[in-house]
Amino acid sequence: ADEVTITVTQDFEEISISDLPEAVSAALAKDYHTATIDKAYKNASDQYKLDLSLEDGTTGTLYADAEGNWIQL
């Protein structure tokens, strides 16, 4: 049988942080209230990638859908 490779389309393009949906901003404020968004990205599936800095100096990346639900990519 042929091997099937499932690839997640991650063609994210950088957007302005102010262009994030309110639901995403609200979820971030609720769940990660000490985080600062460094950069924001969006893909064709209306999924958002957030590059964050935390107050302890660490950085991380979160993914969310347009409704503000955290997703795993």
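In short, a report on the structure. None of the values given here were measured: they were computed from a predicted structure.

**Considering the overall build of the protein**
- Counting its secondary structure elements, the protein contains one helix and five strands.
- For the protein, the N- to C-terminal ordering of α and β elements is β-α-β-β-β-β.
- Taken across its 73 residues, the protein has 30% of its residues classed as buried.
- When contacts within the protein are restricted to residue pairs at least 6 apart in sequence, those whose partners lie at least 24 apart make up 43%.
- For the protein, the exposed surface amounts to about 5,100 Å²; the carbon and sulfur share of it is 45%.

**Things to note about the side chain of N43**
- Looking at where N43 falls in the secondary structure, it is placed in the loop between strand 2 (36-42) and strand 3 (47-53).
- Residue N43 is classed as buried on the basis of its relative accessible area of 6%.
- At 3.0 Å, the side chain of N43 forms a polar contact with the backbone nitrogen of S45.

**So, the pattern of salt bridges**
- Summed over the entire model, instances satisfying the criterion amount to two salt bridges.
- For the salt bridge of K30 with D31, the shortest nitrogen-to-oxygen distance reads 3.2 Å.

**Regarding unusual backbone geometry**
- Of note in the backbone geometry, D46 takes a positive phi value of approximately 60° without being a glycine.
- Mapped onto the elements of the fold, D46 is located in the loop between strand 2 and strand 3.

**Re helix 1 (residues 22-31)**
- Among the residues making up helix 1, those that are buried are V24, A27 and L28. Looking straight down helix 1, one finds its buried side chains confined to an arc of 100°; they lie on one side. Opposite the packed face of helix 1, turned more than 90 degrees from it, sit the exposed residues E22 and K30.
- Packed against the buried residues of helix 1 are strand 2, strand 3, strand 4 (59-65) and strand 5 (70-71).

Rules and cut-offs
- Residues numbered from 1 in each chain as written.
- Predicted model: local features only at pLDDT ≥ 70, side-chain atom pairs only at ≥ 80, totals over all residues.
- Heavy atoms only, no water.
- Helix = DSSP H or I, 4+ residues; strand = E, 2+ residues; numbered from the N terminus.
- Buried < 20%, exposed > 50% of the residue type's maximum accessible area, 1.4 Å probe, protein only.
- Contact = heavy atoms within 4.5 Å.
- Areas by Shrake-Rupley, 256 points an atom, 1.4 Å probe, with all protein chains shown as cover.
- Polar contact = N/O pair within 3.5 Å; in protein donor to acceptor, adjacent residues only side chain to side chain.
- Salt bridge = Lys/Arg side-chain N within 4 Å of Asp/Glu carboxyl O.
- Arc of directions from axis to C-beta.

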